[in-house]
Amino acid sequence: MSLRNIGHRLYQGEVSFDFVGKRKIWYSISAVIVLVAGIGLFMGLHWGIEFKGGSVYTVHKPGLTATQAKDSADKIIGSKTAVVQTTNKGDVRVQVSAEESIPATTFTKEFSQAIGVQEQDINAQVIGPSWGADISKKALTGLIVFMVLVTVYMAIAFEWRMAVAALVALIHDLLITIGVYSLVGFEVTPGTVIGFLTILGYSLYDTVVVFDTVKENTKGLTKQTRRTYSEAANHGLNQTLVRSINTTVVALLPVSALLFIGGGFLGAGTLNDISLALFIGLAAGAYSSICVATPLLAQLKEQAPDMKALAKRVAQRRASEAKAAAEAAARGEEPDSEDGTGEEVAAGMVGQRNQPTSRTRGKGRPSGKR
C-alpha cells in the first residue's frame, strides 16, 4: 500500500490512529524525554568562546591536522582545554579560553614555532565575555517577544486553548533540544542560538496546520451527537498526519547531510553548531504537534461546559443504540441504525465522514405501507 493511498484513507476516515485517546502514553513519553533533557541542563551547557571569552587563532597550513594543532596548543597552555576545529576553507581554528590567562602574543609566537609557520600567518582574535552576554540577552529578549506574539496570534486567530497548547509544544521542543545539546557535549555558539530560534518557527508552523484542520472539523460540532470533540480533533490530526511526516522528512534530509556528512565524515565542525539544533528541533517539533499539542488541546476543550454536555449526549446516544442493537439481536432481527454511525462507534471507528446512509430495516418488519 502506497503512502499516498494511506494518506487518502486517513483523510477520508477509513483508517484512524487514536493519538488523542492515547494522550497519557504520549504525555509519559514526553515526560521521560524532558526529564532526561533536564538532567542535561542540570549538568550545564558547554558555552563557546563567544560567550565565555578567550582567544581564537586561525591558521592555514596544508597538511596540518586538527590533532596536530591541538597537541601543540595543549602543550603551550599546559592543559588539554584547547578546542580545535577545521573550517570548510581548510583552515585550522584553535580556541583558548580566557581562563588560561595566556597572552595572545605569547601563544601566537610559541604556536607558530610549534607548527612551523610565520607569526603573521596566524590570525589572532581576542573575544571578551561581554560580547557573548550581549548576544545572550538579545536572544532571550527575542525569544520572549516571539512567545508573546505567538500566544496573542493563536488566541486571536483560533482561541486561547489552542494558544496554550501551541505554547506548551514550543517550550517542550526547546527543552528537549537544549537538553540533548548539553548531553552530547556540543558547544553553544551563535550558530546554535540561530538554530534554536529557527526550530520555533517550524514547530509553530506544523502545529498551526494541524489546528487549522481541527478548527474546520469542529465547526458546529455541538449540533450533532455522533462524535465528541476529542474524536473530531483526532480525525483532523489523522487528515494532516501524512503531510506532517512528509514535511518533516524533507526538512530533515538536508539537515542530516549537514550533521552526519558535513560535520561527521568531512570534519567541518563548524556545521555541527546549527545542524544538531535543527535536527533535534525538527524531529521534536513534528512529534509535539502530533502527540502533545493536539491531545492537550482536546483535553482543555473537553473541560468546556458545552463540550461536556456534548460528550454526555454522545454517550447517551451510543448507549441507546447499543441497547437497541442488543434487543434486536435477541429477537433475531437486524439492528436499525438512524445514520449508520452507531455500528462504527461500537467498532471503535472515529473520524468517519458525515455521510447519510440508508436505513436498514429488520427482517420481517412491516414497512408501514399498505
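Located above this text is the structure these notes cover.
Note that the structure is a prediction, hence the values are computed from the model and not measured.

K.L.:
Could you clarify how one ought to interpret the overall build of the chain in this entry?
P.N.:
A tally of regular secondary structure across the chain gives 13 helices and 6 strands. Of all 370 residues assigned to the chain, the portion counted as buried reaches 42%. Taking the intrachain contacts of the chain between residues at least 6 apart in sequence as the baseline, contacts between residues at least 24 apart amount to 76%. Total accessible area on the chain stands at roughly 19600 Å², and carbon and sulfur atoms take up 61% of it.

K.L.:
Explain the environment of Ala 31 to me, please; I cannot follow it from the model alone.
P.N.:
Take Ala 31: it is sitting in helix 2 (residues 23-43). Residue classification places Ala 31 among the partly exposed positions, given a relative accessible area of 45%. The spacing of Ala 31 and His 172 is 141 residues in sequence and 9.5 Å in space, taken between C-alpha atoms.

K.L.:
Quick question: what am I supposed to make of the sheet that holds strand 5 (residues 122-127) here?
P.N.:
The strands that make up a sheet pair up through hydrogen bonds in the backbone, lying either parallel or antiparallel. A sheet is described by the order of its strands in space; here 4 strands give the open sequence 3-4-2-5, paired in antiparallel fashion. Among the strands making up the open sheet, the edge pair consists of strand 3 (83-86) and strand 5. Each strand of the sheet is rotated relative to its neighbour by a mean of 20 degrees, with strand direction disregarded. The pairing of strand 2 (residues 54-59) with strand 4 (residues 92-97) spans 6 bridges and is classified as antiparallel. Looking at strand 4, one finds that Gly 54 is bridged to Ser 97. On top of the sheet, helix 5 (residues 104-115) reaches strand 2, strand 4 and strand 5; it is set at about 30 degrees to strand 2, its chief contact.

K.L.:
How should I be thinking about helix 9 (residues 229-239) in this particular structure?
P.N.:
Each α-helix turn comprises 3.6 residues. Residues three or four places apart therefore point the same way. The element helix 9 is largely enclosed, with a buried count of 11 among its 11 residues. Turning to helix 9, its buried residues are Tyr 229, Ser 230, Glu 231, Ala 232, Ala 233, Asn 234, His 235, Gly 236, Leu 237, Asn 238 and Gln 239.

K.L.:
Just to check I follow, could you spell out the side chain of Lys 301 for this structure?
P.N.:
Secondary-structure assignment places Lys 301 in helix 11 (residues 272-301). The residues contacting Lys 301, other than those within four sequence positions of it, are Glu 159, Arg 161, Tyr 229 and Met 307.

K.L.:
I tried to follow the pattern of salt bridges on my own but got confused; where do I start?
P.N.:
Between side chains of opposite charge, a pair can form when the charged atoms approach closely. Overall, the coordinates contain 6 salt bridges when judged by the stated rule. Salt-bridge contacts for Lys 70 lead to Asp 74; the nearest nitrogen and oxygen are separated by 3.3 Å. A residue pair is termed a helical-turn pair when its members lie 3 or 4 positions apart in one helix, as Lys 70 and Asp 74 do in helix 4 (residues 66-77) at 4 residues. Residue class for Asp 74 comes out buried when judged on its relative accessible area of 10%.

K.L.:
Just to check I follow, could you spell out the environment of Met 162 for this structure?
P.N.:
Following the sequence through the fold, Met 162 ends up in helix 7 (residues 160-184). Placed 11 residues apart in sequence, Met 162 and Thr 151 show a C-alpha to C-alpha distance of 8.8 Å. Not counting chain neighbours up to four residues away, the residues in contact with Met 162 comprise Met 154, Phe 211, Val 214, Lys 215, Tyr 229 and Leu 297.

K.L.:
Just to check I follow, could you spell out helix 2 for this structure?
P.N.:
The end-to-end C-alpha distance of helix 2 is 30 Å, a good match for the 30 Å that 21 residues give at a rise of 1.5 Å each. Taken together, the buried positions of helix 2 are Trp 26, Ser 30, Ala 37 and Gly 40. Relative to the axis of helix 2, the buried residues are bounded by an arc of 70 degrees and lie together on one face. Set apart from the buried face of helix 2 by more than 90 degrees, the exposed residues are Lys 24, Val 32, Leu 35, Phe 42 and Met 43. Looking at the residues trailing helix 2, positive phi occurs at Gly 44, about 100 degrees.

K.L.:
Looking at this model, I keep getting lost on the packing of aromatic side chains. Mind explaining?
P.N.:
The description of two aromatic rings rests on the distance between their centres and on the angle between their planes. Counting across every chain of the model gives 5 aromatic pairs. Here a set of aromatic residues connected by ring pairs shows up, and it is made of Phe 17, Phe 19 and Trp 26.

K.L.:
Can you help me understand the pairing of strand 2 in this one?
P.N.:
For a regular strand, the rule is simple: side chains alternate between the two faces of the sheet. Among the 6 residues in strand 2, 5 count as buried, and that is most of the element. One ladder, built from 6 bridges, connects strand 2 with strand 5; its direction is antiparallel. If you follow Thr 58 over to strand 5, its bridge partner there is Asn 123.

K.L.:
Sorry, what's going on with the packing of helix 8 (residues 190-217) against helix 9 here?
P.N.:
Helix-helix packing: each pair is described by the crossing angle between the helix axes and the interaxial distance. With their axes 8 Å apart at the nearest point, helix 8 and helix 9 run at an angle of 135 degrees to one another. When the axes of helix 8 and helix 9 are compared, the pair comes out oblique. By crossing handedness, the relation of helix 8 to helix 9 is classed as right-handed. Facing helix 8, whose interface residues are Val 210, Thr 213, Val 214 and Asn 217, helix 9 presents Tyr 229, Ala 232, Ala 233, His 235, Gly 236, Leu 237 and Gln 239. Class assignment of the residues belonging to the contact of helix 8 with helix 9 gives a composition of 6 nonpolar, 5 polar and no charged.

Reading the values: the criteria
Residues numbered from 1 in each chain as written. Predicted model: local features only at pLDDT ≥ 70, side-chain atom pairs only at ≥ 80, totals over all residues. Heavy atoms only, no water. Helix = DSSP H or I, 4+ residues; strand = E, 2+ residues; numbered from the N terminus. Buried < 20%, exposed > 50% of the residue type's maximum accessible area, 1.4 Å probe, protein only. Contact = heavy atoms within 4.5 Å. Areas by Shrake-Rupley, 256 points an atom, 1.4 Å probe, with all protein chains shown as cover. Pairing = 2+ DSSP bridges. Axes fitted to C-alpha atoms, helices over the stretch in contact; angles between N-to-C directions. Salt bridge = Lys/Arg side-chain N within 4 Å of Asp/Glu carboxyl O. Expected span 1.5 Å × (residues − 1). Arc of directions from axis to C-beta. Phe/Tyr/Trp six-rings, centres within 6.5 Å; stacked < 30°, edge-to-face > 60°. Parallel < 35°, antiparallel > 145°, perpendicular 65-115°, else oblique. Left-handed = near helix turned anticlockwise from the far one by under 90°. Nonpolar A, V, L, I, M, F, W, Y, C, P; charged D, E, K, R; others polar.

All quantities given are derived from atomic positions and should not be read as evidence of function.
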